[in-house]
Amino acid sequence: MADILDKMSPDKKVRLINAAMKEFGENRFDKASTNVIVKEAGISKGLLYHYFSTKEELYNYIFDYAVKAVALPIAEQIGLEDRDIIRRIERITKLKMKILNEIPALLDFSKTMYAGMDYEEIKKSVEKYNPIPLDMYYSHNIDSTLFKEGVDVAIAIRTIQYTLERLGEIYRVQRNMGIEPNMDHIFREVESFLAHFRNTLYK
């Protein structure tokens, strides 16, 4: 399916997407203002309504764009054949951080876009663009023999995920404070934490 914004100049498209994600992320749909969006994007309201006849149409486009921005690269690069779950988690985490760095407002928008949706609805929206079920990301084809005897593999994986989610929260706070995160530093932190988990949990 063709992108409705394909005929908009690339720089305006990027500005509009980021401005809309930021506004919808901060105020959710009901309170979000298209006046704020066009001002932030540096485009006219007439241009916005040339592509979207309602705020709801714009929101639905941004929602799908956000899902695709993450789902498609993960579908291509997740590497479920790699049975080393720590290496797989590193690949997924770095990919997500790279995407968030390219689309700064995506993190805030993702905090609100799934509000009110249950897990099955979220799965359905993601799997529309990524045929790999969400449940498989961190559970399918894992070599549990890599772990030390006595380690609860499921809990270990969740602990790693929660730790990296905390790093993502620090990244978001820095963005909100106007601090440009150093991606090389963040990647090194991810690698350091995962090296610690590898030494602690693996044989």
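Heads up: the structure comes first, above all this text.
Q: Mind showing me how you'd approach empty space enclosed by the protein here?
A: The method is simple in principle: a probe with the dimensions of a water molecule rolls over the atoms, and the space it marks as empty is what remains. Scanning all chains against the criterion turns up one cavity of 30 Å³ or more. Estimates place the volume of the largest cavity at around 30 Å³. Residue lining of the largest cavity: Thr 93, Met 97, Leu 164, Leu 167, Gly 168, Ile 186 and Val 190, and that is the complete set. If you list the elements that add at least two residues to the lining of the largest cavity, you get helix H5 (85-102), helix H8 (153-176) and helix H9 (183-201). The dominant element in the lining of the largest cavity, judged by the number of residues it contributes, is H8, at three residues.

Q: When you look at the environment of Met 117 in this model, what are you seeing that I'm missing?
A: Counting through the fold element by element, Met 117 comes out in the loop between helix H6 (106-113) and helix H7 (119-127). For Met 117, a relative accessible area of 25% puts it in the partly exposed group. Leave out the neighbours within four places in its chain, and Met 117 touches Phe 63, Ile 122 and Ser 125.

Q: Even after reading the chapter, I still don't get the environment of Thr 200, so can you show me in this structure?
A: Here Thr 200 is to be found in helix H9. Exposure remark for Thr 200: the relative accessible area of 39% places this residue in the partly exposed category. Sequence separation of Thr 200 and Gly 178 is 22 residues, and the distance between their C-alpha atoms is 36 Å.

Q: How should the pattern of salt bridges be read in this particular structure?
A: Here the idea is simple: oppositely charged side chains can pair when their charged atoms come close. For the structure on display, the rule yields nine salt bridges. We note a salt bridge from Arg 91 to Asp 82, for which the minimum N-O separation is 3.5 Å. Residue class for Asp 82 comes out buried when judged on its relative accessible area of 13%. With its nearest N and O atoms 3.7 Å apart, the salt bridge here joins Arg 87 to Asp 84. Taken together, the shared-partner salt bridges in this structure form one network comprising Asp 82, Asp 84, Arg 87, Arg 91 and Arg 198.

Q: Explanation requested: the packing of aromatic side chains in the structure shown.
A: Note on aromatic pairs: each is described by the distance of the centres and the angle between the planes. Inspection of the entire model under this criterion finds nine aromatic pairs. For the pair Tyr 59 and Phe 109, a centre-to-centre distance of 5.8 Å together with 70° between the ring planes defines the contact as edge-to-face. Pair noted here: Tyr 59 is in helix H4 (residues 55-77) and Phe 109 is in helix H6, with a separation of 50 residues, a long-range link. The two residues Tyr 59 and Phe 109 agree in class, both being buried.

Cut-off values and rules
Residues numbered from 1 in each chain as written. Predicted model: local features only at pLDDT ≥ 70, side-chain atom pairs only at ≥ 80, totals over all residues. Heavy atoms only, no water. 1 Å grid on protein atoms, 1.4 Å probe; cavity = no way out; pocket = protein on both sides within 12 Å on 5 of 7 lines; lining within 4 Å. Points joined across faces, edges and corners; volume = space filled by probe spheres on them. Helix = DSSP H or I, 4+ residues; strand = E, 2+ residues; numbered from the N terminus. Buried < 20%, exposed > 50% of the residue type's maximum accessible area, 1.4 Å probe, protein only. Contact = heavy atoms within 4.5 Å. Salt bridge = Lys/Arg side-chain N within 4 Å of Asp/Glu carboxyl O. Phe/Tyr/Trp six-rings, centres within 6.5 Å; stacked < 30°, edge-to-face > 60°.

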